[in-house]
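Secondary and tertiary structure notes
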Amino acid sequence: MKRLSAHYLFDGINLIKFGVLEIDDDGTILSVSKAADNLKEISGLSFYNGILMPGMINMHCHLELSDLHKAIPENTGLSGFIAMVNNLKSINKAETKLKSIEKADNTMYVSGIASVADVCNSDISLNTKLKSNIYYHNFIECIGIRKSDIFKKLTDCKLLLDKFNNAGLSTSLTPHAIYSLHPELFKTILDVNNNIFSLHIFESNQERELYNGVENSLLSFLNNIDYDYKIPDIGLSLSDLKNSMKNANMVLVHNVDLQKDICYSMYSSENVFPCLCPNSNIFISDRIPDIDNLMKLSNNIVVGTDSLASNHNLSLIAELYSISKFYPDIPIVELLKWVSSNGAKALGLQQKFGNFTIGTKPGVVLLSNIDLKKLSITPKTYSRRII
């Protein structure tokens, strides 16, 4: 048995000053308690400088794009970024891709990430995930704007879905974004009996402009794929989305340019989880969401890293630091909930991850170089797995 303590223990909900964690040799949580009168009197206690917390949850990643690290310049805008990913995603050999995926997986694990919601457009990450110590939920992502392609797109996605399911991995079918699917395909996917969906939504002002009929570079990009492309009716699409939310959790990713009149009402739902990926948003379009507003709309905020194609690393602590730079008044307790218990709730894994519940094995992570006086994340803060 191990006994651990630190300046603060974050149990998934609360910060406990000098809290003590008892863990079995196999990583099972035995007890969480406030500090004794004298920590020095506790037999076999290991004390750490910083904050101890449960393993973190990365709620949005594209692991299979890891080979595109540093391949795309910053500030291309959404349409430019998508075009470059499409042009570059086949440039590297499978061996290079696999090595990049394995390295990214290991880096996340060592940094203390316990679970990842990963978007999949192929099976290239499957074998890495089978060997990984990280728990992956795999969103098999469907994209297709041509009506003539609906049957093929669905067939291909369901074949990929079956491949992941047959390998014993947690998996669900999901749409990419409202603008990137034909309305019939979008509705068909939402009608699938899923426990959880993920959706890129209002990732940039280009997307918002598109729905408002502005002829911009995103529309030009889509017209190059399908000259008959018709802009989806955002109101009808969100209505379909609301109907699907009755029976499933919905992870709404990015939220950079929300339209108050048509989508705010969704965010108060208990099964909607707004996902922040600030460093990716800065990388692509040099903007981040109105997080103060999102906090008023929802208690279910979660955080993702997006891919190495649009980020310098896959560090959730780097994401939290970026958030705290722009929004310094957000308490550290709230930030840590976003990368732990909220993520576990989104994935339906509260009994396994995201908190120090007795009998679970969530992993233990140390946050070092915290400003302990201000209780804030600094540029030098980093995370590492202890257990």
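Quick look at the structure, then. As the structure is a computational prediction, the values presented were derived from the model and not from experiment.

Considering the sheet that holds strand β7 (residues 113-120)
In spatial order, the strands read β6-β7-β8-β9; together these four strands make up an open sheet with parallel pairing. One side of each edge strand has no neighbouring strand; the edge strands of this open sheet are β6 (56-61) and β9 (170-175). Averaged over all pairs of adjacent strands, the angle between their axes in this sheet comes to 20 degrees, without regard to strand direction.

Quick look at unusual backbone geometry
You will see that F202, though not glycine, has its phi angle at about 45 degrees, which is positive. Following the sequence through the fold, F202 ends up in the loop between β10 (196-201) and α6 (205-211). By relative accessible area, which is 0% here, F202 ends up buried. Unusually for a residue other than glycine, D286 sits at a positive phi of about 55 degrees. Along the chain, D286 falls in the loop between α10 (278-285) and α11 (291-297).

Thoughts on the nonpolar core
Counting residues in hydrophobic clusters, the biggest one holds 85 residues, and the most contacted among them are Y179, L241 and Y267. Tallying contributions element by element places helix α4 (residues 150-166) first for this core, with six residues. When residues no more than four places from it in sequence are discounted, the contact partners of Y179 are L78, I82, I145, E207, L210, Y211, L218, L222, Y229 and P232. Residues A117, F139, V253 and A346 belong to the second largest nonpolar core, which totals 18 residues.

With respect to the packing of α4 against helix α5 (residues 183-190)
At a closest axis distance of 10 Å, the pairing of α4 and α5 adopts a crossing angle of 30 degrees. By the angle between their axes, α4 is roughly parallel relative to α5. Handedness of the α4/α5 crossing: right-handed. Residues I150, K153 and L154 of α4 pack against E184, L185, T188 and I189 of α5.

Description of the packing of helix α1 (residues 77-88) against helix α7 (residues 217-225)
The contact between α1 and α7 brings their axes to 8 Å, and the two run at 35 degrees. Taking contact as the criterion, the partners of L78, S79, I82, A83 and N86 in α1 are, on α7, S217, L218 and F221. Within the contact of α1 with α7, the residues separate by chemical class into five nonpolar, three polar and no charged.

Some remarks on the side chain of H60
For H60, the position within the fold is in strand β6. Within the local environment of H60, its side chain forms a polar contact with the side chain of H62, the two groups lying 3.2 Å apart. Polar contacts involving the side chain of H60 include one to the side chain of H200, which spans 3.4 Å.

A closer look at α5
Since the α-helix turns once every 3.6 residues, residues separated by three or four places project in the same direction. Here α5 has its buried residues at L185, F186, I189 and L190. Around the axis of α5, the buried residues are gathered within 135 degrees of arc, so they sit on the same side. If you follow the buried residues of α5, they end up packed against β8 (135-142), α4, β9, β10, α8 (234-244) and β11 (249-254).

Here's the deal with α1
With 12 residues, α1 should cover 16 Å at 1.5 Å per step; its first-to-last C-alpha distance of 16 Å lies within 8% of that length. Those residues of α1 that sit buried are G77, L78, S79, F81, I82, V85 and L88. On its buried face, α1 sits against α6, α7 and α10.

A word on the side chain of K97
Counting through the fold element by element, K97 comes out in helix α2 (residues 94-110). Each residue touching K97, except ones within four places of it in the same chain, is listed here: D67, K89, N92 and I124.

Considerations on the environment of I57
Relative to the elements of secondary structure, I57 occurs in strand β6. By relative accessible area, I57 is classed as buried at 0%. Each residue touching I57, except ones within four places of it in the same chain, is listed here: S115, V303, L316, V339, S340, G343, A344, L347 and F353.

Topic: the packing of aromatic side chains
In the structure shown here, the tally under the stated rule is three aromatic pairs. Look at F202 and Y211: their rings are 5.7 Å apart centre to centre, the planes differ by 80 degrees, and that puts the pair in the edge-to-face class. Here the basic side chain of K129 rests over the ring of Y136, its NZ or CZ set 5.2 Å away from the ring centre. Sitting over the ring of Y109, R385 keeps its end group 3.9 Å from the ring centre.

Thoughts on the pattern of salt bridges
The full count for this structure, using the stated rule, is 15 salt bridges. Across the salt bridge formed by K99 and E95, the nearest N and O atoms sit 3.5 Å from each other. Of this pair, K99 and E95 are both found in helix α2, four residues apart, which corresponds to roughly one turn of the helix. According to the relative accessible area criterion, E95 is exposed, its value standing at 55%. Between D191 and K187 there is a salt bridge, with its nearest N and O atoms 3.4 Å apart. Given the relative accessible area of 37%, K187 is considered partly exposed.

Criteria and cut-off values
Residues numbered from 1 in each chain as written. Predicted model: local features only at pLDDT ≥ 70, side-chain atom pairs only at ≥ 80, totals over all residues. Heavy atoms only, no water. Pairing = 2+ DSSP bridges. Helix = DSSP H or I, 4+ residues; strand = E, 2+ residues; numbered from the N terminus. Axes fitted to C-alpha atoms, helices over the stretch in contact; angles between N-to-C directions. Buried < 20%, exposed > 50% of the residue type's maximum accessible area, 1.4 Å probe, protein only. Core = buried A, V, L, I, M, F, W, Y, C linked by side-chain atoms within 4.5 Å. Contact = heavy atoms within 4.5 Å. Parallel < 35°, antiparallel > 145°, perpendicular 65-115°, else oblique. Left-handed = near helix turned anticlockwise from the far one by under 90°. Nonpolar A, V, L, I, M, F, W, Y, C, P; charged D, E, K, R; others polar. Polar contact = N/O pair within 3.5 Å; in protein donor to acceptor, adjacent residues only side chain to side chain. Arc of directions from axis to C-beta. Expected span 1.5 Å × (residues − 1). Phe/Tyr/Trp six-rings, centres within 6.5 Å; stacked < 30°, edge-to-face > 60°. Lys NZ or Arg CZ within 6 Å of the ring centre and 35° of its normal. Salt bridge = Lys/Arg side-chain N within 4 Å of Asp/Glu carboxyl O.

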